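# Observations on the three-dimensional arrangement
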Amino acid sequence: MHRRRFLKYSLSACLPAGLVRQTVSAAEPQHQATDAALLPEPRLPVGSALPSLSVLKNESSHAGEFQGTLIARECDIQLTRDTGPTRCQVYNNQLPGPLIELEAGMKVTITFINQLKEATTVHWHGLPVPSSQDGGPEDPIAPGETRVYRFTLPEDISGSYWYHPHPLTGASAQIAKGLAGPIIIRHPDEALKKLPEQHWVISDLRLDSQGQIPENTYSDWVDGREGEQVLINGKRQPRIHLTGQHRLRVWNLCSARYLQLSLPGAQWLVVGSDGGLTEKVSQPQTSVLLAPGERLELLVQGESQHYALNLLPYNRHRMMSPPAEVASVIADIDFTPQSAPVKPGQELRRIEALPPGNNPLRAMMSEKMADIMKNKASGIPPKGAFLINGKSFDVNRMDLHSIAEQVDNWQIINATTMDHPFHIHGGQFQVVQRSLRGVKSSPDYLIWKDTINLQPGEVVMLRMRQTSPGMRMYHCHIIEHEELGMMGNLMVS
Ligand code: C2O
Ligand code: CU
Ligand code: CU
């Protein structure tokens, strides 16, 4: 019986539809539903061991080459104990999609097969791939079509990235149903190469009483959708074993959920961000924040014991729903410290500061509150409720201009009442200065990023060098806002 249960619930694998369900009684903790319409919401079982991510097979036998196949399809996955299987949309039958492990300088060929009933794309979030291979909304893959994405990675790249759909419409539903997966790029000269790694791909999921993934509500569209169940590598509240110092790579693949992570009793050392290792190891921190789309690399500093991985409430000033007030536990960690070779303040890498460029680019995020509030009856806010530089996204309109290999000086302004994570396609940027409520601050050391959160009223100055010509999007990474048009086009020549 135990073995059967293990098999049944430890693999997020595709099941034939109509599988006869076994009733398993389990003591599930009571939960508070946030929306009465979702009652009674079936919960995913807790307490399984954290599964390691399945890795996308390299079909090439040539050194320096990666060839893989991704298939997007609908798939029934047995996630809960109380309902039938959940109809998901996933890559290669897995939730989350398989880990793509690459090396700097590799020639990458990904054959993508769209077996969905709708158009999609595969976007390589954070990677400096040619515009024509970046899976933007201008380049949809029709149902049934196969598309080969090809790019060569730079020699000096490393870090944790991800892939997800980016169609003009449907991105929000596709990601909510499971289409997203992680990427790691390793470099032979990287510091911390000898540390063992562990990977936490954090996503969230909402299920209705039938165990199915419902459509967005009006407040999902306005606030960004947060699934009630927070998953790590596809599991709810898994049990994690950490023996000795590990390099934890953490991804926030949620559409809108902010992850403020803390381990009461222990501390984090931040060693990496969106674009790989930071210049040096941070001082110990009691909590770290990952906005949607962001990644971090962390070490745990603590005594030998059991820790609860807490999601602390973070007030992102949602318009429709009140801020969360209580912390929740998303994993249980058994930690056994051994020698800790990596210390706070230690140098990890030299990052060359980008020089100031002479192309000023400005992106001001704004919202039309009246439009947002008046459209409730239609179920979806009108396009034009969330804007950049006063405009809603138009795939055929170029909004800003840049020249490849030159440095752009970006000024990003959040003129709205909510937080928004701002993301630019085409590679990584450096933060020069932030200013919030009249207080200016500059980072103490350099890191590479591709997504940065702005609080209401915040202004951020960035430097970024686009490496190749073509069209690049910049947008809010709350997927619902992106889909509602909080996005613009940068034309790089
Ligand atoms: Cu994660 Cu436009 O992308
Ligand atoms: Cu992106
Ligand atoms: Cu937003």
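Residues numbered from 1 in each chain as written. Chains lettered and ligands numbered in written order. Predicted model: local features only at pLDDT ≥ 70, side-chain atom pairs only at ≥ 80, totals over all residues. Heavy atoms only, no water.

## Describing the coordination of the copper ion (ligand 3)
Only His420 (ND1), Cys476 (SG) and His481 (ND1) from the protein reach the copper ion (ligand 3) as donors, at distances of 2.0 to 2.1 Å. The motif formed by the donor residues of the copper ion (ligand 3), counted along the single chain, is H-x55-C-x4-H. Separated by 61 residues along the polypeptide, His420 in strand S26 (residues 420-424) and His481 in helix H5 (residues 479-483) bring together distant segments of the chain. Both residues of the pair, His420 and His481, count as buried. (Donors = N, O, S within 2.8 Å, 3.2 Å for Na, K, Ca; no water. Helix = DSSP H or I, 4+ residues; strand = E, 2+ residues; numbered from the N terminus. Buried < 20%, exposed > 50% of the residue type's maximum accessible area, 1.4 Å probe, protein only.)

## Describing the sheet that holds strand S8 (residues 159-164)
A sheet is described by the order of its strands in space; here four strands give the open sequence S4-S9-S8-S6, paired in mixed fashion. The sheet is open, and its two borders are formed by strand S4 (100-103) and strand S6 (123-125), each paired with just one other strand. Strand-to-strand twist in this sheet, taken as the mean axis angle between neighbours without regard to direction, amounts to 25°. One ladder, built from four bridges, connects S4 with strand S9 (residues 181-186); its direction is parallel. Bridged to Glu103 within S9 is Arg186. (Pairing = 2+ DSSP bridges. Axes fitted to C-alpha atoms, helices over the stretch in contact; angles between N-to-C directions.)

## Overview of the coordination of the copper ion (ligand 2)
His123 (NE2) and His423 (NE2) make up the full set of protein donors to the copper ion (ligand 2), lying at 1.9 Å. Of the two residues, His123 sits in strand S6 while His423 sits in strand S26, which places them 300 residues apart along the sequence.

## Some thoughts on the packing of aromatic side chains
Scanning the model with the defined rule gives 11 aromatic pairs in all. Consider the rings of Trp124 and Tyr163, whose centres lie 6.0 Å apart with planes at 45°: the pair is tilted. Linking Trp124 in strand S6 with Tyr163 in strand S8, this pair joins segments that are 39 residues apart in sequence. Residue classification places Tyr163 among the buried positions, given a relative accessible area of 0%. Linked through ring pairs, Tyr91, Phe112, Trp124, Tyr149, Phe151 and Tyr163 together constitute an aromatic cluster. (Phe/Tyr/Trp six-rings, centres within 6.5 Å; stacked < 30°, edge-to-face > 60°.)

## Some remarks on the side chain of Asn233
Along the chain, Asn233 falls in the loop between strand S11 (229-232) and strand S12 (235-236). Take Asn233: its relative accessible area is 5%, and that puts it in the buried class. Polar side-chain contacts of Asn233 include one of 2.9 Å to the backbone oxygen of Pro51. Within polar-contact distance, the side chain of Asn233 engages the backbone nitrogen of Val201 at 2.8 Å. Beyond its immediate chain neighbours, meaning those up to four positions away, Asn233 contacts Leu50, Pro51, Leu53, Leu95, Pro96, His199, Trp200 and Val201. (Polar contact = N/O pair within 3.5 Å; in protein donor to acceptor, adjacent residues only side chain to side chain. Contact = heavy atoms within 4.5 Å.)

## Some remarks on the sheet that holds strand S31 (residues 470-476)
Hydrogen bonds along the backbone pair up the strands of a sheet, which may run parallel or antiparallel. If you trace the five strands from one edge of the open sheet to the other, you get S24-S32-S31-S26-S29, paired in mixed fashion. The sheet is open, and its two borders are formed by strand S24 (400-402) and strand S29 (451-454), each paired with just one other strand. On average, adjacent strands in this sheet sit at an angle of 25° to one another, irrespective of strand direction. Judged from the three bridges that link them, S24 and strand S32 (residues 487-492) form a sheet pairing that is parallel. Paired with Ser402 across the bridge in S32 is Val492.

## Here we look at the environment of Glu226
Take Glu226: it is sitting in the loop between helix H3 (218-223) and S11. Glu226 sits 20 residues away from Arg206 along the chain, and the two C-alpha atoms are 7.6 Å apart. Other than its neighbours up to four places away in sequence, Glu226 contacts Asp204, Arg206, Ala256, Arg257, Arg316 and Arg318. Among the polar contacts listed, one links the side chain of Glu226 to the side chain of Arg318, at a separation of 2.9 Å.

## Some words on the pattern of salt bridges
Taken as a whole and judged by the stated rule, the model has 28 salt bridges. Between Glu294 and Lys449 there is a salt bridge whose closest N-O contact spans 2.8 Å. Remark: Lys449 occurs in the loop between strand S28 (439-441) and S29 and Glu294 occurs in the loop between strand S18 (287-290) and strand S19 (295-301); sequence separation between them is 155 residues. Using a relative accessible area of 8% as the deciding quantity, one classes Glu294 as buried. The closest approach of N and O atoms between Asp450 and Arg295, which form a salt bridge, is 2.6 Å. Pair noted here: Asp450 is in the loop between S28 and S29 and Arg295 is in strand S19, with a separation of 155 residues, a long-range link. Through salt bridges that share partners, Glu101, Arg186, Glu190, Glu197, Arg247, Arg249 and Glu297 make up one connected network. (Salt bridge = Lys/Arg side-chain N within 4 Å of Asp/Glu carboxyl O.)

## Some thoughts on the domain arrangement of the protein chain
Its domain assignment divides the protein chain into domain 1 (17-186), domain 2 (197-336) and domain 3 (359-492). If you average the C-alpha positions of domain 1 and of domain 2, the two centres end up 18 Å apart. Listed as interface residues are 44 residues of domain 1 and, on the opposing side, 42 residues of domain 2. Along the contact surface separating domain 1 from domain 2 lie one salt bridge. The interface formed by domain 1 and domain 2 includes 16 residue pairs in polar contact (both at pLDDT 80 or more). Within the residue set of the side of domain 1 that touches domain 2, elements represented by two or more residues are strand S3 (86-91), S8, helix H2 (171-176) and S9. (Domains from an automatic or database assignment.)

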